[in-house]
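# A look at the structure
Listed below, chain by chain, are the residues.
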Amino acid sequence: MAIPVPEKRIARFENLGFGMFIHWGLYSQMEKGEWIMHAEQIPKEEYSKLKDTFTACDFDAGKI
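What you see is a predicted model, and the numbers here were worked out from it, not measured in a lab.

## Overview of the overall build of the chain
Check the secondary structure of the chain and you find 3 helices and 0 strands. Traced from its N-terminal end to its C-terminal end, the chain shows the element sequence α-α-α. Dimensions of the chain, computed from the C-alpha atoms along their principal axes, are close to 55 × 35 × 15 Å. Only carbon and sulfur atoms are counted for the fraction: they give 58% of the accessible area of the chain, which is about 6300 Å². Between the centroid of the 8 positive side chains of the chain and the centroid of its 10 negative side chains there is a distance of 6 Å.

Structure follows, in structure tokens:
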């Protein structure tokens, strides 16, 4: 079986080194993960109130 050769663009990406993707949403304020609304059966109306206090103003990618 032949070892697959990645496309040039993929090989370039793989050789760039370490990368990290950070994402967050309203659920991050609850510190319980993305499925918290479903897992704890939080009503959409109640969950959507989190948007009023959600901010990324203190986010510092360089610090991470």
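## Side note on the environment of Thr55
Within the secondary structure, Thr55 is located in the segment after α3 (44-47). Linking Thr55 and Leu26, residues 29 residues apart in sequence, is a C-alpha distance of 9.2 Å.

## Here we look at the pattern of salt bridges
Tallying each qualifying case throughout the model produces 3 salt bridges. Measuring nitrogen to oxygen at the nearest pair gives 3.3 Å for the salt bridge that ties Lys32 to Glu40. Lys32 sits in the exposed class, given a relative accessible area of 54%. Two residues, Asp52 and Lys51, come together in a salt bridge whose shortest N-O distance is 3.6 Å. As far as the burial class goes, Asp52 and Lys51 line up, both exposed.

## Looking at the confidence of the model for the chain
Taken as a whole, the chain shows an average pLDDT of 89; of its residues, 100% reach a score of 70 or greater. Mean pLDDT across the elements of the chain ranges from a minimum in helix α1 (residues 8-15), with 91, to a maximum in α3, with 96.

## Some details on a nonpolar patch on the surface
A cluster of nonpolar side chains, namely Phe18, Met20, Ile22, Trp24, Phe59 and Ile64, defines an oily patch on the protein surface of about 680 Å² accessible area. Following the sequence through the fold, Trp24 ends up in the loop between α1 and α2 (36-39).

Reading guide: rules and limits
Residues numbered from 1 in each chain as written. Predicted model: local features only at pLDDT ≥ 70, side-chain atom pairs only at ≥ 80, totals over all residues. Heavy atoms only, no water. Helix = DSSP H or I, 4+ residues; strand = E, 2+ residues; numbered from the N terminus. Areas by Shrake-Rupley, 256 points an atom, 1.4 Å probe, with all protein chains shown as cover. Lys, Arg positive; Asp, Glu negative; His and termini not counted. Charge placed at Lys NZ, Arg CZ, Asp CG, Glu CD. Salt bridge = Lys/Arg side-chain N within 4 Å of Asp/Glu carboxyl O. Buried < 20%, exposed > 50% of the residue type's maximum accessible area, 1.4 Å probe, protein only. pLDDT = per-residue confidence, 0-100. Patch = residues over 30% accessible without salt bridge, like charges linked within 9 Å, V, L, I, M, F, W, Y side chains within 5 Å.

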